[in-house]
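Secondary and tertiary structure notes
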Amino acid sequence: MKRLRMNERITDRVAATIIQIGGVAVVALVAAIVVGIAVGALPLFSGATLGPVTVSTLPGSPAAVGWNPRVGQPWYLDSGGTVMGGGGDALCRVEDLESPILRAARSPGGVVALLDHGGLVHVGGVRFEDRGSDSTEVSPAARWVSLTGPLALDDGVRWTGLAVNTANDGGVFAIVWSEKRIFGARWLADLERWEEHALPAIYGVRAGDVGEGLETAALVSRDVALTILDLPDGTRELLDEPLSMVTQASFLVGGRSLVAATAGGEVQVLQRLRRVRVSNRSPRDVRVAASVIPVGMAKIVPDDDVGRRLAHVPGIEIAPADSVWQVVRRLPSLDAEPTCIAPGPRDRSFAVAGADGAVALYHGTTGARRILTSWPIAPVTAIVLADSGDALV
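Residues numbered from 1 in each chain as written. Predicted model: local features only at pLDDT ≥ 70, side-chain atom pairs only at ≥ 80, totals over all residues. Heavy atoms only, no water.

What about the overall build of the protein chain?
- A tally of helices and strands in the protein chain yields two helices and 29 strands.
- In the protein chain, buried positions account for 41% of the 393 residues.
- Put simply, the protein chain shows about 21,000 Å² of open surface, and 52% of that area lies on carbon and sulfur atoms. (Helix = DSSP H or I, 4+ residues; strand = E, 2+ residues; numbered from the N terminus. Buried < 20%, exposed > 50% of the residue type's maximum accessible area, 1.4 Å probe, protein only. Areas by Shrake-Rupley, 256 points an atom, 1.4 Å probe, with all protein chains shown as cover.)

The following block contains the structure:
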């Protein structure tokens, strides 16, 4: 009996020791995960260091620029449709381009839209690959990959700009504008054809962008007014407050946040706020977040899971209401008139360049301006943030 009790005590002690070791291991693992997350997030709240700036002289004004991740060098597209490497070597040509490029636009994901002098829009991208797998000397190769068929525009219209983006289903939405007209079309990947969409008349558009997912578009007119459209029907969306002197606007990755920059260099991040209309037909007043809805009245409130929180209240009617875009962050200014914005393709980082050569790198979530510098070129007419986020062109 004593031996049996001794064996039970030994077993209990061993089990207790194992449980203690397991508990300590779990605590240590959780602490390590927290430390890892903190270390990974710390750079978002600190500044970034800027390396040397290399200036290359091109033979002409490029239609589009980008970054070759294979060799860590920029590429550019000339007006004739030839993709050139950073060293000036020809990499490939745009297929089916029959006339010189008039205008070009590039999405953060690398999709390029080209408007030629013949009134055709070509949408595609530059794909890089490596040659020479049996050798340490790798020769970078590139090819133009068309994502759609050509989009034919009306003859006789002087088109002045365009914007493009894609969706996960292979769809593409392109917006082209002139001084008095706006034209929108969506590429239907399953049918392999373009579908035209009527958009409202906005005169004198100077800049624009299409959000990832093809749900919204932003247009800036020459009277420095910002217009946000719901796609594909083109319904104007509401702004929580009027924004004055906006000169550039661009969606961040995901298409849910919009960067708007003003002529004075102010940089703001907007987000869409979804709302509902709550009608109170109950016998008492109802409080929804910071609002009180009296009996027999209705209010439009943010859709912060309102339906679930008021499900137990009899006499409450909830209906969808128009969403509204509101400023959620005001970032440090650029101190120059912005000329272009480059959203990061993987996170909410973005760069803004100015008319005097000023360049700033921001993070939209933290609101931090990580870099503010000046390039020896002015004005900066195009800027690209590399996929890795560690290079600007």
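A short note on the sheet that holds strand β14 (residues 205–210)
- Sheet architecture is open: four strands sit in the order β14-β15-β16-β17, paired in antiparallel fashion. Among the strands making up the open sheet, the edge pair consists of β14 and β17 (235–236).
- Relative to β17, strand β16 (residues 226–230) is paired through two bridges, and the arrangement is antiparallel. Note that in β17 the partner of D230 across the bridge is T235. (Pairing = 2+ DSSP bridges.)

Overview of the pairing of strand β2 (residues 73–77)
- In the sheet, strand β1 (residues 64–68) pairs with β2 via five bridges, with the strands oriented antiparallel. Among the inter-strand pairings, N68 is bridged to a residue of β2, identified as Q73.
- Here β2 pairs with strand β3 (residues 82–85) via three bridges, running antiparallel. Within the sheet, the bridge partner assigned to W75 lies in β3 and is G85.
- Connecting the antiparallel pair β2 and β3 is a turn made up of four residues, with G81 showing a positive phi of about 95 degrees.

Concerning the nonpolar core
- Counting 18 residues, the largest nonpolar core has V121, V123, L153 and W194 as the members making the most contacts within it.
- Looking at this core, the elements with two or more residues in it are β6 (112–116), β7 (120–131), β10 (159–166), β11 (172–178) and β12 (182–188).
- Excluding anything up to four places from it in sequence, L153 contacts L115, G119, V121, W159, V176 and F183.
- Among the nonpolar cores identified, the runner-up in size contains 15 residues, and W177, I182, L199 and V205 belong to it. (Core = buried A, V, L, I, M, F, W, Y, C linked by side-chain atoms within 4.5 Å. Contact = heavy atoms within 4.5 Å.)

Some thoughts on the packing of aromatic side chains
- In the structure shown here, the tally under the stated rule is three aromatic pairs.
- Ring geometry for F251 versus W325: centroids 6.2 Å apart, planes at 70 degrees, classification edge-to-face. Of this pair, F251 sits in strand β19 (residues 246–251) while W325 sits in strand β25 (residues 316–331); the two residues are 74 residues apart in sequence, bridging distant segments of the chain.
- Take F251: its relative accessible area is 2%, and that puts it in the buried class.
- Accessibility expressed as a relative area gives 1% for W325, which makes it buried.
- Between the aromatic rings of F350 and Y362, the centroid separation amounts to 5.3 Å while the plane-to-plane angle is 15 degrees, which identifies the pairing as stacked. Here F350 is found in strand β27 (residues 349–354), whereas its partner Y362 is found in strand β28 (residues 358–363), with 12 residues between them in sequence. An identical accessibility class is assigned to F350 and Y362; each is buried. (Phe/Tyr/Trp six-rings, centres within 6.5 Å; stacked < 30°, edge-to-face > 60°.)

Side note on the pairing of strand β20 (residues 257–262)
- With six of six residues buried, β20 is to be regarded as a mostly interior element.
- Bridge analysis of β19 against β20 gives five bridges, and the strand direction is antiparallel. Directly across from Q248, in β20, lies its bridge partner A261.
- Hairpin connection of β19 to β20: five residues between the antiparallel strands, including G254 at a positive phi of 95 degrees.
- Relative to strand β21 (residues 267–280), β20 is paired through five bridges, and the arrangement is antiparallel.

A look at the confidence of the model for the protein chain
- In this model, the protein chain carries an average pLDDT of 82, and 85% of its residues clear a pLDDT of 70 or more.
- pLDDT under 50 marks residues 38–46. Its contacts with residues more than four places away, or in other chains, come to six contacts.
- pLDDT under 50 marks residues 135–139. Its contacts with residues more than four places away, or in other chains, come to seven contacts. (pLDDT = per-residue confidence, 0-100.)

Re the pattern of salt bridges
- Counted by the stated rule, this structure contains 10 salt bridges.
- Note that D230 is salt-bridged to R272, the shortest N-O span being 3.8 Å. Pair noted here: D230 is in strand β16 and R272 is in strand β21, with a separation of 42 residues, a long-range link.
- For D230, a relative accessible area of 24% corresponds to the partly exposed category.
- Judged by its relative accessible area of 18%, R272 is buried. (Salt bridge = Lys/Arg side-chain N within 4 Å of Asp/Glu carboxyl O.)

Here's the deal with the sheet that holds β10
- Spatial strand order, β10-β11-β12-β13: four strands in an open sheet with antiparallel pairing. Single-partner strands in this sheet number two, and they are β10 and β13 (193–197). Averaged over all adjacent pairs, the angle separating strand axes in this sheet is 20 degrees, with direction ignored. (Axes fitted to C-alpha atoms, helices over the stretch in contact; angles between N-to-C directions.)

Let's talk about the side chain of S99
- For S99, the location among the structural elements is in the loop between β4 (90–93) and β5 (101–106).
- One polar contact links the side chain of S99 to the main-chain amide nitrogen of H117, over a distance of 3.4 Å.
- Among the polar contacts made by the side chain of S99, one reaches the main-chain amide nitrogen of G118 at a distance of 3.1 Å.
- Not counting residues within four places of it along the chain, the set of residues in contact with S99 comprises D116, H117 and G118. (Polar contact = N/O pair within 3.5 Å; in protein donor to acceptor, adjacent residues only side chain to side chain.)

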